[in-house]
Amino acid sequence: MTVPQKTLRKFSGPLLLVGAGKMGGAMLDGWIARGLAPKRVVVIEPQPGKAVKALARRGLKLNSKSEAAAAGAIVIAVKPQSAPEAVPPLGAYVGKNTLVLSIMAGRTIGFLENALPRGTAIVRAIPNTPAAIGRGISVMVANAKSSARHRKLASDLLAAIGKVEWISEEGLMDAVTALSGSGPAYIFLLAEAMTKAGIAAGLPAALAARLSRETVSGAGELLHRSDLDAATLRQNVTSPGGTTAAALEVLMGPGGFNALLTKAIAAATRRSRELG
Ligand SMILES: NC(=O)c1ccc[n+]([C@@H]2O[C@H](COP(=O)([O-])OP(=O)(O)OC[C@H]3O[C@@H](n4cnc5c(N)ncnc54)[C@H](OP(=O)(O)O)[C@@H]3O)[C@@H](O)[C@H]2O)c1
């Protein structure tokens, strides 16, 4: 287990977190682990969970907006459908140096710029659910008003839930949503499909489920830790004429994995564009 760098120890705040659900809560845990003092955080959340309440006992300000004036950062983690009601009032807490960081799927920088005071520094990010265990990946794009300092702060805030990447073209966010945003679901489906295929090949259901789960998570961890790329790791477990090769001939043949995933990710990209 790696010890998190205390990158947020010097952040003076206040940090206003709007929405402490699954994603907001995971970020909050990560920030505290990275040295952010609870007293520097203001959380707006109608139904705070146990972890947020425990932090409130350590100095975090819960639903007390008045403490958030001229926030160092405002992090918006409400559902996209709550945005028209939740975002415009946040303008009251935007100061000269405030960074607004939004993780709402499909809510564009244009939407945020229209809802917030002119000149606000805005970063839009797409995280994914492994954020819950600090193993997410977030892709970010900044508006023209964001300085290097704002970008560094956004990187530090999202590094608390995993890796970070920057892009300069917001139009790519639909493809990012389709690949890494929705991607964990494809991997869970792979585990489901392997279980069903194992049962079809004669294994007891519970054993097939355990084998699939450990194979998918173990192979993912191996990929994570290895310096080798996925193609090399695949080749390393494939002997010519062997069992893996027999399966890969099917999976890599016409209409196989590549074709299916290209189609699936194109469909998700289109859907993201429609929703945006
Ligand atoms: N989960 C993912 O994989 C993922 C990936 C990328 C991006 N995102 C984005 O992350 C955001 C949060 O997702 P989530 O899964 O964490 O959702 P969630 O668990 O539903 O969390 C949202 C929280 O915000 C609260 N809330 C609603 N309106 C509010 C308001 N006006 N002010 C303050 N808090 C308010 C909600 O409370 P109530 O329950 O009382 O409404 C809820 O606790 C979404 O915009 C989503 O698009 C999620």
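If you're wondering where the values come from, they're calculated on a predicted model, not measured in any experiment. Residue indices follow the written sequence of each chain, beginning from 1 at its first position. Under the rules for a predicted model, residues below a pLDDT of 70 receive no local features and side-chain atom pairs below 80 are neither given nor counted, while totals for whole chains, interfaces and linings still include all residues. By convention in this description, side-chain values take in all heavy atoms of the structure and omit both hydrogens and water.

A. The arrangement of the site of the ligand in detail. Near, as used in this document, describes a residue that has one of its heavy atoms within 4 Å of the molecule or strand being considered. Not every one of the 21 residues close to the ligand is listed here, only the nearest: K22, M23, E45, Q47 and V78. Contacts to the ligand include K22, whose backbone N or O atom sits 2.9 Å from an oxygen atom. A distance of 2.7 Å separates an oxygen atom of the ligand from a polar backbone atom of M23. Isolated, the ligand exposes 900 Å² of accessible area, and the fraction of that covered by the protein chains is 78%. Numbering of helices and strands starts at the N terminus; helices are DSSP runs of H or I of at least 4 residues and strands are runs of E of at least 2. Those elements that provide at least two residues to the shell around the ligand are helix 1 (22–33) and helix 3 (83–86). Think of a polar contact as two N or O atoms within 3.5 Å of one another; within protein, one of them needs to be a possible hydrogen donor and the other a possible acceptor, and neighboring residues in sequence only count if both atoms come from side chains. A 1.4 Å probe and the Shrake-Rupley method give the accessible areas. Residues count as covered only by the protein chains that appear here.

B. Fine view of the pairing of strand 1 (residues 15–18). In this scheme, a residue with accessible area under 20% of its type's maximum is buried, one over 50% is exposed, and one in between is partly exposed, where area comes from a 1.4 Å probe on protein chains only. Both faces of strand 1 are covered, namely the face carrying L15 and L17 and the face carrying L16 and V18. Here strand 1 pairs with strand 2 (residues 41–44) via 4 bridges, running parallel. For L17, the partnering residue across the bridge sits in strand 2 and is V43. Following the backbone out of strand 1, through helix 1 and into the adjacent parallel strand 2, one traces a crossover that is right-handed. Should DSSP find at least two bridges between two strands, the strands are regarded as paired. The pairing of strand 1 with strand 4 (residues 71–76) spans 4 bridges and is classified as parallel. When the sheet's bridge partners are listed, V18 is paired in strand 4 with I76. Handedness of a crossover is defined as follows: orient the strands so they point away from the viewer, and if the path from the first strand over the helix to the second runs clockwise, the crossover is right-handed.

C. View of helix 11 (residues 257–275). Between its terminal C-alpha atoms helix 11 stretches 26 Å, which fits the 27 Å expected from 19 residues at 1.5 Å a residue. Those residues of helix 11 not exposed but buried are A268, T269 and S272. Considered in projection along helix 11, the buried side chains sweep an arc of 105° and stay on one side of the axis. Pointing more than 90 degrees away from the buried face of helix 11 are the exposed residues K263, R273 and E274. Buried residues belonging to helix 11 abut helix 6 (173–181) and helix 7 (183–200). For a helix, the expected span equals 1.5 Å multiplied by the residue count minus one. Our arc is simply the arc of the directions from the helix axis toward the C-beta atoms. Note on definitions: a residue-residue contact is assigned when non-hydrogen atoms from the two residues lie within 4.5 Å.

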